[in-house]
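# Working through the structure, step by step
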Amino acid sequence: MQHDDNLTAKLPNFVTHLECAMTGERHEADQIHNLSRAGKPLLVRYDLAGVKKALTKEKLAQRPPDLWRYRELLPVRDPANIVSLGETMTPIVSMPKLKAKLGGGANLVKDEGRLPTASFKARGLVMAVSMAKALGIKHMAMPTNGNAGAALAAYATHAGIKTTIFCPEDTPEVNVSEIALQGAAVYRVNGLIDDCGKIVGEGKAKVGWFDTSTLKEPYRIEGKKTMGLELAEQLGWQVPDVIFYPTGGGTGLIGMWKAFAELEEIGFIGSKRPRMVAVQAAGCAPMVKAFEDGTEHAPRWENAHTIASGIRVPQAVGDFLILRAVRESGGFAIAVEDSAISAALDEMAKEEGFLLCPEGAATYAAYKQSLADGRVKKTDQVVLFNCASGLKYPLPPIHRTLDRHKPIDYAAL
Ligand SMILES: *Cc1c(COP(=O)(O)O)cnc(C)c1O
């Protein structure tokens, strides 16, 4: 990958410390961290006044179109530790037919399926693995619903770090295969992602694995944050009115919320924020329940099930951060049925030629539901997140055939 000159030198780095997201307690940078001493996620803090002096929009505009263009707001200090597989900026795709049909502003889909390993998990894991390399971590472990494990396997193998990965037994076949092919030891576990997480926790205690679980590691969120930085830059340093985000562990939603605050602090955007909408599946909707109950935390969702495997997360360690961002932004949390997810996926594919992943389809289904119940206006500019390539999921079999030895009725084809 090509970078401009000053990346070959030590990065001008602005990390000052890490901070407990619950208590605000300061933790030192440049050390191996998981959760804070209070058992909550850690957030990376920067000298934003310094970034403001060092970085201009014009300077940024000249850099290569990948997430390292935001390096002043990223934790990696030494470029030698960047473990890149080509983290390209992802396009915002317009859907004119749906816009005409719905009369709305939801013609924008940010297509994260273009990233390495074909999901936005690459954004988080490229940062986690680059930092692991910087900190000398040798063996990373993770519970995954599929895409995170694939991204961890790819980057860790690229960096020469060993990985052990656990996924629920019904994880999509392609995910288990890609994880194994990309050099990780992967195991199907008879349980859900939080059950897999317990195994990782025990392995950490017994044999010293590094726990790379969502938000139990401080740098994945910094990588996911680049979705917010990129979105604002692509919209001409504006934010949309509403963001629909398929929410599992919530790293992306929390990360984007952090990104907007940092961008305002360095003077790149104003005080307007998008309304953040956490989209979940009706069969696994702990954030929706907590949002509606008005609670700060979300208890575990029992018997979680949905075809959107990436958002089948019964309990999230960052629950209070998700709920905080949703509430502060004036957004909401919404659940959609699997039948609505399938219908939305089919509709987008047949009408716009765009194959969403089920989680992305959930955002489209939620958008339509929100238009119908009046929580979103037709005139709102809405961005939907398609977080992975639709090709990573089981597709319906097609049985139509043609016998080339019989007469063909071409006019009927
Ligand atoms: C992981 C994942 C999500 C959920 O992302 P979080 O930021 O962890 O909430 C949504 N969609 C897909 C395809 C995923 O892989």
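Above this text sits the structure in question.
Cut-offs used in this document
Residues numbered from 1 in each chain as written. Predicted model: local features only at pLDDT ≥ 70, side-chain atom pairs only at ≥ 80, totals over all residues. Heavy atoms only, no water. Salt bridge = Lys/Arg side-chain N within 4 Å of Asp/Glu carboxyl O. Helix = DSSP H or I, 4+ residues; strand = E, 2+ residues; numbered from the N terminus. Near = heavy atom within 4 Å. Polar contact = N/O pair within 3.5 Å; in protein donor to acceptor, adjacent residues only side chain to side chain. Areas by Shrake-Rupley, 256 points an atom, 1.4 Å probe, with all protein chains shown as cover. Phe/Tyr/Trp six-rings, centres within 6.5 Å; stacked < 30°, edge-to-face > 60°. Buried < 20%, exposed > 50% of the residue type's maximum accessible area, 1.4 Å probe, protein only. Lys NZ or Arg CZ within 6 Å of the ring centre and 35° of its normal. Pairing = 2+ DSSP bridges. Axes fitted to C-alpha atoms, helices over the stretch in contact; angles between N-to-C directions. Parallel < 35°, antiparallel > 145°, perpendicular 65-115°, else oblique. Left-handed = near helix turned anticlockwise from the far one by under 90°. Contact = heavy atoms within 4.5 Å. Nonpolar A, V, L, I, M, F, W, Y, C, P; charged D, E, K, R; others polar.

### A short note on the pattern of salt bridges
Counted under the stated rule, the structure contains 28 salt bridges. Between Glu25 and Arg37 there is a salt bridge; the shortest N-O distance is 2.7 Å. Here Arg37 lies in the loop between strand 2 (26-27) and strand 3 (42-46) and Glu25 lies in the loop between strand 1 (15-20) and strand 2, a separation of twelve residues in the sequence. A salt bridge links Lys406 to Asp403; the shortest N-O distance between them is 3.7 Å.

### Side note on the site of the ligand
The environment of the ligand is made up of 18 residues, and the closest members are Lys121, Lys224, Tyr245, Gly248 and Gly250. Contact distances for the ligand include 2.8 Å between an oxygen atom and a side-chain N or O atom of Lys121. With the chains in place, 97% of the 380 Å² that the ligand exposes on its own is no longer accessible. Put simply, the parts of the chain that give the shell around the ligand at least two residues each are strand 10 (242-246) and helix 9 (251-265).

### Some points on the packing of aromatic side chains
Overall, the coordinates contain seven aromatic pairs when judged by the stated rule. Taking the centre distance of 5.7 Å and the plane angle of 40° together, the rings of Phe166 and Trp209 count as tilted. In this pair, Phe166 is assigned in strand 7 (residues 162-168) and Trp209 in the loop between helix 7 (193-207) and strand 9 (210-211), connecting sequence segments 43 residues apart. Its relative accessible area of 8% is what places Phe166 among the buried residues. Since its relative accessible area comes to 16%, Trp209 is described here as buried. Each ring, one from Phe244 and one from Phe332, has its centre 6.5 Å from the other, and the planes form 85°; the classification is edge-to-face. Within this pair, whereas Phe244 is found in strand 10, its partner Phe332 is found in strand 12 (residues 332-336), the two being separated by 88 residues in sequence. One aromatic cluster is present, formed by Phe120, Tyr245 and Phe385 through successive ring pairs. When the ring centre of Phe268 is taken as reference, the NZ or CZ atom of Lys57 above it lies at 5.7 Å. Its guanidinium or amino end placed over the ring of Tyr70, Arg69 lies 5.8 Å from that ring's centre, counting from NZ or CZ.

### Some words on the sheet that holds strand 2
Read across the open sheet, the three strands follow the order 2-1-3; overall the sheet is antiparallel. Pairing within the sheet leaves two strands with one partner each, and these edge strands are strand 2 and strand 3. As judged from the five bridges shared by strand 1 and strand 3, these two strands associate in the antiparallel manner. Across the sheet, Glu19 pairs through a bridge with Leu43, a residue of strand 3.

### Focus: the packing of helix 4 (residues 121-135) against helix 8 (residues 220-234)
The N-to-C vectors of helix 4 and helix 8 enclose an angle of 135°; their axes lie 6 Å apart at closest approach. Judged by the angle between their axes, helix 4 and helix 8 are oblique. Handedness of the crossing formed by helix 4 with helix 8: right-handed. In this structure, helix 4 contributes Lys121, Arg123, Gly124, Leu125, Met127 and Ala128 to the contact, and helix 8 contributes Arg220, Glu222, Gly223, Lys224, Thr226, Met227 and Glu230. Residues of the contact of helix 4 with helix 8, tallied by class, amount to four nonpolar, three polar and six charged.

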